[in-house]
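What the coordinates show
This is what each chain is made of:
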Amino acid sequence: MKNLSYIILDGNLTSDPEEKTIAGGKSLAQFTVAVNHSQNNPDGKEKDDVSFFEVEAWEKLGENCVEYLKKGSKVTVMGNLKQNRWKTPDGENKSKVKVTASTVRFDSMRKREEKVA
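The protein has the name Single-stranded DNA-binding protein in an unreviewed UniProt entry, where Leptospira levettii is given as its organism. If you open the UniProt record of the protein and go to Subunit (unreviewed entry), you find "Homotetramer."

So, in structure tokens, the structure goes:
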């Protein structure tokens with residue numbers, strides 16, 4: 001039986017999405033979403049905080065993200081958590097958790113302007 005690792009994020013892009021083409025010709029867009037939230041301190045006072053989530057969107061979804069999103073865009077991202085693990089040349093174990101988007105809702109959609117050289 002598979003376990004569930006689904007996440008929904010509502011936040012803003014910290015920079016323009018980066019587009020990459022990987023081996024086999026698949027397109028990938030990568031971006032970071034900042035999510036603001038509040039939590040209570042041990043003394044009971046509310047404290048504002050922000051969390052940053054790395055997101056990857058594949059193929060047509062990623063292409064649309066690159067075309068329509070930019071730094072500051074408000075988005076709702078739905079997807080799965082994915083943990084990448086590796087060893088450094090020193091033999092140290094490292095890991096990073098990313099969100100693989102299945103849906104990205106463009107809450108403040110505007111087509112990115114073409115840059116003129």
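Picking up after the structure, the text goes on.
With a phi close to 55°, glutamate 59 is a non-glycine residue in the positive phi region. Position of glutamate 59 relative to the elements: it lies in helix α1 (residues 59–68).

To continue, consider the packing of aromatic side chains. Within this structure, the stated rule accounts for one aromatic pair. Between tyrosine 68 and phenylalanine 106 the ring centres are 6.2 Å apart and the planes differ by 35°, which places this aromatic pair in the tilted class. Of this pair, tyrosine 68 sits in helix α1 while phenylalanine 106 sits in strand β6 (residues 93–106), placing them 38 residues apart in sequence. Relative accessible area serves as the criterion here: at 24%, tyrosine 68 is assigned to the partly exposed category.

Let us now look at the layout of surface pockets. Here the second largest pocket defines a volume of roughly 170 Å³. Taken together, Ser15, Asp16, Glu18, Gln30, Phe31, Thr32, Glu54, Val55, Glu56 and Lys98 form the lining of the second largest pocket. Those elements giving two or more residues to the lining of the second largest pocket turn out to be β3 (27–40) and β4 (46–58). Split into classes, the residues belonging to the lining of the second largest pocket amount to two nonpolar, three polar and five charged.

With that settled, consider the pattern of salt bridges. Applying the stated criterion to the full structure yields five salt bridges. Close ionic contact of aspartate 10 with lysine 74 constitutes a salt bridge, the shortest N to O distance being 3.2 Å. Of this pair, aspartate 10 sits in strand β1 (residues 6–13) while lysine 74 sits in strand β5 (residues 74–87), and the two are 64 residues apart along the sequence. According to the relative accessible area criterion, aspartate 10 is partly exposed, its value standing at 42%. Classification of lysine 74 by relative accessible area gives partly exposed; the value is 33%. Note that glutamate 92 and lysine 94 form a salt bridge whose closest N and O atoms lie 3.9 Å from each other.

About the cut-offs
- Residues numbered from 1 in each chain as written.
- Predicted model: local features only at pLDDT ≥ 70, side-chain atom pairs only at ≥ 80, totals over all residues.
- Heavy atoms only, no water.
- UniProt positions renumbered as here; feature names shortened; annotations may be inferred.
- Helix = DSSP H or I, 4+ residues; strand = E, 2+ residues; numbered from the N terminus.
- Phe/Tyr/Trp six-rings, centres within 6.5 Å; stacked < 30°, edge-to-face > 60°.
- Buried < 20%, exposed > 50% of the residue type's maximum accessible area, 1.4 Å probe, protein only.
- 1 Å grid on protein atoms, 1.4 Å probe; cavity = no way out; pocket = protein on both sides within 12 Å on 5 of 7 lines; lining within 4 Å.
- Points joined across faces, edges and corners; volume = space filled by probe spheres on them.
- Nonpolar A, V, L, I, M, F, W, Y, C, P; charged D, E, K, R; others polar.
- Salt bridge = Lys/Arg side-chain N within 4 Å of Asp/Glu carboxyl O.

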